[in-house]
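Topology and contacts: notes
Each chain is listed here by its residues.
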Amino acid sequence: MKISEVILERIKHSHALDAYVKGAVSKISEYILSNSMIFFPEYTDHDITHFEAVLETAIDLATDKSLELMSDVDLAILTTSVMLHDLGMHLSKDGFETLIDPEGPMKSIDGFSDPPWNKLWLAFLAEARRFDAKKLEDLFGPSFRPVTDFPSFEEPWDEFDVLVVGEFLRRHHPRLAHEIALQGMPSKDGKVVQFCGFGSEQEEFLSDMSGLVARSHGIALRQTFSYIEQKYGHRIETRSAHPVYLMTLLRIADYLQIQSARAPSARTDVTKFKSPVSTREWSVHQCVTDITNLTDPESIDITARPDNIETFLRLKDWITDLQRELDLSWAVLGEVYGLQAHSGLNKLGLRIRRLRSNIDVAREFSKAVDYIPKKIAFTAAGSELLKLLVGPLYANEVSVGLRELIQNATDAVKELDSLVDQGSIERPDPRTDVAADVQVDFMIDEGDQNSWKRKVKSVIITDRGVGMTPDILQNYFLRAGASYRSSSAWRESFEKPDGSNRVQRSGRFGVGALAAFLLGDEIRVETRHYSEPCENGLEFAASIETSSINVVRRQCEVGTKISIEIPEKL
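This section reports on the structure supplied with the text. (Residues numbered from 1 in each chain as written. Predicted model: local features only at pLDDT ≥ 70, side-chain atom pairs only at ≥ 80, totals over all residues. Heavy atoms only, no water.)

A short note on the pairing of strand 3 (residues 288–292)
- With four bridges joining them, strand 3 and strand 4 (residues 299–304) adopt antiparallel strand pairing. Considered in strand 4, the bridge of aspartate 290 is made with threonine 303.
- The antiparallel hairpin formed by strand 3 and strand 4 contains six residues in its connecting segment. (Pairing = 2+ DSSP bridges. Helix = DSSP H or I, 4+ residues; strand = E, 2+ residues; numbered from the N terminus.)

Here's the deal with the pattern of salt bridges
- Evaluation of the coordinates by the stated rule reveals 33 salt bridges.
- A salt bridge links aspartate 18 to lysine 22, with the shortest nitrogen-to-oxygen separation between them at 3.3 Å. Of this pair, aspartate 18 and lysine 22 both sit in helix 2 (residues 15–34), separated by four residues, roughly a single helical turn.
- Owing to a relative accessible area of 16%, aspartate 18 belongs among the buried residues under this scheme.
- Across the salt bridge formed by glutamate 539 and arginine 554, the nearest N and O atoms sit 3.4 Å from each other. Taken as a pair, glutamate 539 in strand 9 (residues 537–543) and arginine 554 in strand 10 (residues 552–554) lie far apart in primary sequence, 15 residues in all.
- For glutamate 539, a relative accessible area of 19% puts it in the buried group.
- Residues joined by salt bridges that share partners form a network here, namely Arg431, Asp433, Glu526, Glu539, Arg554 and Lys561. (Salt bridge = Lys/Arg side-chain N within 4 Å of Asp/Glu carboxyl O. Buried < 20%, exposed > 50% of the residue type's maximum accessible area, 1.4 Å probe, protein only.)

Observations regarding the packing of helix 12 (residues 243–255) against helix 15 (residues 309–337)
- The contact between helix 12 and helix 15 brings their axes to 10 Å, and the two run at 170°. With respect to helix 15, the element helix 12 is oriented roughly antiparallel. Mapping the contact onto sequence places Pro243, Val244, Tyr245, Thr248, Arg251, Ile252 and Tyr255 in helix 12 and Trp318, Asp321, Leu322, Glu325, Leu326, Ser329, Val332, Leu333, Val336 and Tyr337 in helix 15.
- Counted by class, the contact of helix 12 with helix 15 contains 12 nonpolar, two polar and three charged residues. (Axes fitted to C-alpha atoms, helices over the stretch in contact; angles between N-to-C directions. Parallel < 35°, antiparallel > 145°, perpendicular 65-115°, else oblique. Contact = heavy atoms within 4.5 Å. Nonpolar A, V, L, I, M, F, W, Y, C, P; charged D, E, K, R; others polar.)

What about the sheet that holds strand 3?
- A sheet is described by the order of its strands in space; here three strands give the open sequence 3-4-5, paired in mixed fashion. For this open sheet the edge positions go to strand 3 and strand 5 (354–357), each flanked by a neighbour on one side alone. Taking the axes of each pair of neighbouring strands and ignoring which way they run, one obtains an average angle of 20° across the sheet.
- Bridge count for strand 4 against strand 5 is four bridges, and the pairing is parallel. Bridge pairing in strand 5 places isoleucine 302 opposite serine 357.

As for the packing of aromatic side chains
- Considering all chains together, one arrives at 17 aromatic pairs under this definition.
- Arranged with centres 6.5 Å apart and planes meeting at 65°, the rings of phenylalanine 312 and tyrosine 371 form a pair that is edge-to-face. Of this pair, phenylalanine 312 sits in helix 15 while tyrosine 371 sits in the loop between helix 16 (362–365) and helix 17 (382–393), placing them 59 residues apart in sequence. With respect to burial, phenylalanine 312 and tyrosine 371 carry one shared label: buried.
- What links up through ring pairs into an aromatic cluster is the set Phe39, Phe96, Trp117, Trp121, Phe124, Phe131, Phe150, Phe153, Trp157 and Phe168.
- Above the face of the tryptophan 157 ring, lysine 93 is positioned so that its terminal group lies 4.2 Å from the ring centre.
- Above the plane of the ring of tryptophan 330 lies arginine 353, whose end atom (NZ or CZ) is 3.7 Å from the centre. (Phe/Tyr/Trp six-rings, centres within 6.5 Å; stacked < 30°, edge-to-face > 60°. Lys NZ or Arg CZ within 6 Å of the ring centre and 35° of its normal.)

Comments concerning a nonpolar patch on the surface
- A contiguous nonpolar surface patch, about 220 Å² in accessible area, is contributed by Phe442, Ile444 and Val456.
- Structurally, the position occupied by isoleucine 444 is in strand 6 (residues 438–444). (Patch = residues over 30% accessible without salt bridge, like charges linked within 9 Å, V, L, I, M, F, W, Y side chains within 5 Å. Areas by Shrake-Rupley, 256 points an atom, 1.4 Å probe, with all protein chains shown as cover.)

Some details on the nonpolar core
- Counting 118 residues, the largest nonpolar core has Phe96, Trp121 and Leu249 as the members making the most contacts within it.
- Apart from residues lying up to four places away in sequence, phenylalanine 96 is in contact with Phe39, Leu91, Trp121, Phe153, Trp157, Val165, Phe168 and Leu169.
- Membership of the second largest hydrophobic core comes to 21 residues, among which are Val459, Ile461, Ile472 and Leu519. (Core = buried A, V, L, I, M, F, W, Y, C linked by side-chain atoms within 4.5 Å.)

As for the sheet that holds strand 8 (residues 522–528)
- As summarised here, the arrangement of the six strands in space is 6-7-11-8-9-10, forming an open sheet in which the pairing is antiparallel. With one partner strand each, in any of the chains shown, strand 6 and strand 10 form the two edges of the open sheet. In this sheet, neighbouring strand axes are inclined to one another by 20° on average, regardless of whether the strands run parallel or antiparallel.
- As paired strands, strand 7 (residues 456–463) and strand 11 (residues 559–565) are joined by six bridges and run antiparallel to one another. Looking at the pairing, valine 459 lines up with isoleucine 564 of strand 11.
- Running at roughly 25° to strand 9, helix 19 (residues 470–477) makes contact with strand 8, strand 9 and strand 11 of the sheet.

Things to note about helix 15
- Look at helix 15: 42 Å from first C-alpha to last across 29 residues, which is about the 42 Å you get at 1.5 Å a residue.
- Between the side-chain oxygen of the N-cap and the backbone nitrogen of glutamate 310 there are 3.1 Å, and the N-cap of helix 15 in question is asparagine 308. (Expected span 1.5 Å × (residues − 1). Polar contact = N/O pair within 3.5 Å; in protein donor to acceptor, adjacent residues only side chain to side chain.)

A word on the state of the cysteines
- Enumeration according to the criterion identifies zero disulfides in this entry.
- Unpaired in terms of disulfides, cysteine 534 finds its nearest cysteine sulfur in cysteine 556, a separation of 8.8 Å. (Disulfide = S-S within 2.5 Å.)

Some details on the packing of helix 9 (residues 159–183) against helix 10 (residues 201–215)
- Put simply, helix 9 and helix 10 touch, their axes get as near as 7 Å, and they point 170° apart. In this view, helix 9 runs roughly antiparallel relative to helix 10, as classed from their interaxial angle. On helix 10, the residues that touch Pro174, Arg175, Ala177, His178, Ala181 and Leu182 of helix 9 are Glu204, Ser207, Asp208, Gly211, Leu212, Ala214 and Arg215.
- Considering only residue class, the contact of helix 9 with helix 10 consists of six nonpolar, three polar and four charged.

A closer look at the environment of glutamate 310
- Here glutamate 310 is to be found in helix 15.
- Classification of glutamate 310 by relative accessible area gives partly exposed; the value is 47%.

Focus: helix 7 (residues 117–128)
- For helix 7, spanning 12 residues, the distance from its first C-alpha to its last is 16 Å, which sits close to the expected 16 Å at 1.5 Å a residue.
- Along helix 7, the positions that sit buried rather than exposed are Trp117, Leu120, Trp121, Phe124, Leu125 and Ala128. Down the axis, helix 7 shows its buried residues gathered within 135° of arc, on one side only. Those residues of helix 7 that are exposed and angled more than 90 degrees off the buried face are Lys119 and Leu122. (Arc of directions from axis to C-beta.)

With respect to the side chain of serine 92
- Its location among the elements puts serine 92 in the loop between helix 5 (72–84) and helix 6 (93–99).
- A distance of 3.0 Å separates a polar atom in the side chain of serine 92 from the backbone nitrogen of glycine 95.

Here's the deal with unusual backbone geometry
- Positive phi outside glycine occurs at aspartate 189, with the angle close to 60°.
- As for its placement among the helices and strands, aspartate 189 is situated in the loop between strand 1 (185–186) and strand 2 (192–193).
- If you check the backbone angles, arginine 239 has positive phi at about 50° while not being a glycine.
- Summarising the element assignment, arginine 239 is placed in the loop between helix 11 (225–232) and helix 12.

Quick look at the structure:
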């Protein structure tokens, strides 16, 4: 790999730094050239040229004053971290076997709450078994199949198995970069290939800092602070290094690698990508024709010509995300170095603050393309649609609304029983205001003396089930058609490893709340999740037209109570 002359000129005065950097770069380059990315057959290029471009961009991002303030140690760490940051994506199949071996050499780094790799892999497989059809198609293409049992390393793997491992590594390669720096690259027969030196205390420090900076491109910057402070004392400067500043350089430089050279059209002319995600990523890279900063010294100007709405929207999201990263990076730099005027470190900064592109003004950009550059899709008219749906959905049968609420209450009780039986939780104290796990009370109008004429004025359905959190209330109970019992969170708790349910469901959670409006115009809900203390119960009242529901905390027992006033017309 070609190292920037700026870096080589600075580190050549220290034999130790020069040897460390050139040794690591040489070993990693040799490994990359001899190992293809078998788990990422459809990814945009992550070869040596990508690493060179990231390093060059990182140096270009640093202001002249910042380059003066950066130490030779900083430049050594930056170079090595660039080489490490995507290295985990070059893992071989033998290396993956070593990675997830519970008796293998790869261990979690103290200071991060990372689970062992074998447990992380098993947790990922459990999650992958719950992927819905859209998720599977996005990741693996239209010929996807549900993720079930994964083959052993002695059995043959097909393309789908390879892509599943690729998705796992994509998620966790930033962490792996740090561990590779300290422990080596997982290889065959349970061994590792060492890239970074450990012959002295300084080399161990350089490896740790390089790995941490590489790791930071996949996590929030502030998540690294406690590790630096606990191990080295201070996040501002440690042993002449300024790791937080290096992290901002790497993450922005990596983000900026969206040029068409990383997705050559010659390949897409002969290759049909199976994954829609891969197709969109390559299309986005191909549509970017130029990245400059000629008009405004603190701005990046992006010129692109996305030829369809999906590519346009993906590019727009990328620009938005990069601007967010810039804003966050500047905020963190101010937080860490802003008060360091006495040492001049407050001058550490980036050359750019903002992005501009030819797609920013949709009206002007629309003149250059043959499609409408806006997100246009089917949408619902909120409460108006719900009012139109409620009656026809249930054939205007009041009994159906009551049945749905009872079924949901029954399911909630089954779920609590399942968690107790699994040993996941201790059984909470049963609520004392009802005599059964699910109880339905019909409140009678006492005003009429003729008992045969008395009317039901309200219905109350109470259960001793799992209860609801604010998140479940907002995103599932109150969202028509959104089923919590189809969500990953529910499946994680109530699905067996083979994909079957521990709880046989009867209701259609996400429909039951809507069905309640067959019984009345307003519902009152009182609920408390089993994981919350007694004072953290929730209560609200709402009609189908309520625009902002006032959910208040109150003391109540575990479970849910739903009350519905019955109107005169019923």
